[in-house]
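# Secondary and tertiary structure notes
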Amino acid sequence: MSRIVRSYLSYTRGESPASPWNLLYPTQFVTRAWMRLRIFLFERGIFTTVEPKLPVVSIGNNSFGGTNKTPMCEYIVRMFHEAGINAGLVSRGYKTKHPEPIWIGQDEDSFRRDIAGDEPLMLAKRLPGVSIVVAKNRVKGVELLSDLGAEIAVTDDTFQHRRMARDVDVVLVDGTCPFGNGRVIPAGLMREPKTAFGRADMVVITKANQITEESVRNTRTELEKYVSPEKIFVAEINYDSWLVYENGSEPVTKPIIEKPKGSYVVFSAIGNPEGFYRYVAGRGITV
């Protein structure tokens, strides 16, 4: 990551208040104005909201960076299946090049990362038997899920997707960096002003085990300005095993209580990975 990008991320996360990036402060008002106009257009019916073919549980956030949307999607799909409800998942598919909705397993191309995206493929591996659809158009994605026999759709990253109606909006807040510097993009991490939390049916403070109880309370207090207290929940992220790759052989699963020996370089491809790095160091592993 370049020094410029690091500097910008540090500013948006609120870590560098005295930053030359403060010059971006006025730009957030352009974003806010567009958001108000967009809401007005939907409320007046100029932009239409479409009722999908299935009940929809939307999993989203109000900031850029890792809020644990992917593991939360997996968790909720599992809960539905344990309750005997055939839930499917619709994902945007990061950088997918396929113009129409596809489902993982429909053909050989659906297993290509440039077609499906890495997160849908990972979820398909972890949720065997679950219909997982990749679709830029979420409404069409839910239609495909319905055709595949799903009874309910869990949709990933759709809090700002106002075109599709939904039955439940679950909004995740990263406990380690809940609001960044509090400003709206590009002057901050927030996708919308904090007032947007008022649309949520549930707000979940994630990674609560990676921060202090005081930090959880402070985040909850801030959220209660926009959300009823009974709608705010707290979640922890935990790891259950290691996958050990050695000498080109198949990976071996080992329980998380077994500490890997030796020194390691740690890297990741997740948004806001500091919590993961702290977790590894907290396991007593030499990084």
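The numbers attached to residues start from 1 for each chain and follow its sequence in the written order. This being a predicted model, a pLDDT of at least 70 is required before a residue's local features are given, and a value of 80 or more before pairs of side-chain atoms are given or counted; all residues contribute to the totals for chains, interfaces and linings. Processing note: side-chain calculations cover all non-hydrogen atoms of the structure and skip hydrogens and water entirely.

### Details of the overall build of the protein
Helical segments are the DSSP runs of H or I of at least four residues, strand segments are the runs of E of at least two, and each set is numbered from the N terminus. Assigned secondary structure in the protein consists of eight helices and 10 strands. Put simply, the radius of gyration uses C-alpha atoms, and a globule should come to 2.2 Å times the residue count raised to 0.38. A compact globule built from 287 residues should have a C-alpha radius of gyration of about 19 Å, and the protein, at 20 Å, falls within 12% of that. C-alpha atoms of the protein, sized along the principal axes, occupy 60 × 55 × 40 Å. Residues classed as buried in the protein amount to 41% of the 287 residues present. Across the protein, the fraction of contacts at a sequence separation of at least 24, relative to all contacts at a separation of at least 6, is 69%. Accessibility throughout is a Shrake-Rupley quantity obtained with a 1.4 Å probe, and a residue counts as covered only by protein chains that appear here. In the form shown here, the protein has an accessible surface area of approximately 16,100 Å², with 55% of it arising from carbon and sulfur atoms. Burial classes follow relative accessibility: with a 1.4 Å probe on protein chains only, a residue under 20% of its type's maximum area counts as buried, one over 50% as exposed, and anything between as partly exposed. Contact definition: two residues touch when any of their heavy atoms are within 4.5 Å.

### Looking at the packing of helix α3 (residues 69-82) against helix α5 (residues 118-126)
Helix axes use the C-alpha atoms of the stretch in contact, all axes being lines fitted to C-alpha atoms, and the angles between their N-to-C directions lie in the range 0 to 180 degrees. Here α3 crosses α5 at 35°, and the two axes come no closer than 11 Å. The element α3 and its partner α5 pack so that their crossing is right-handed. Facing α3, whose interface residues are T70, E74 and R78, α5 presents E119, M122, L123 and R126. Tallied by class, the residues present in the contact of α3 with α5 amount to two nonpolar, one polar and four charged. Left-handed describes a crossing in which the near helix is turned anticlockwise from the far one by less than a right angle; the clockwise case is right-handed. Think of it as three bins: nonpolar holds Ala, Val, Leu, Ile, Met, Phe, Trp, Tyr, Cys and Pro, charged holds Asp, Glu, Lys and Arg, and polar takes everything else, Gly as well.

### Side note on the sheet that holds strand β3 (residues 102-103)
Think of it this way: DSSP has to see at least two bridges between two strands before they count as a pair. Judged by pairing direction, the sheet is mixed, and its eight strands sit side by side in the order β3-β4-β2-β5-β1-β6-β7-β8 without closing on themselves. Only two strands of the sheet have a single neighbouring strand rather than two, namely β3 and β8 (232-234). Pairing of strand β1 (residues 56-61) with strand β6 (residues 168-174) involves five bridges; the strand directions are parallel. Across the sheet, the residue bridging to I59 is V170, located in β6. Contacting β2 (87-91), β4 (132-134) and β5 (152-156), α5 runs over the sheet at an angle of about 170° to β4. Set on the sheet, helix α7 (residues 213-223) makes contact with β6, β7 (202-206) and β8; between it and β7 the angle comes to about 155°.

### Side note on the nonpolar core
To qualify as a nonpolar core, a set must consist of buried Ala, Val, Leu, Ile, Met, Phe, Trp, Tyr and Cys residues joined through side-chain atoms within 4.5 Å. Within the largest apolar cluster, 25 residues are counted, with the highest numbers of intra-cluster contacts made by I59, M72, F80, L89 and V154. Mapped onto this core, the elements with two or more residues apiece are β1, α3, β2, α4 (113-116), α5, β4, β5 and β6. In this view, V154 contacts V57, I59, C73, I76, V77, F80, G88, L89 and V90; residues no more than four positions away in its chain are not counted.

Scope: geometric values only; no functional claims are made or implied.
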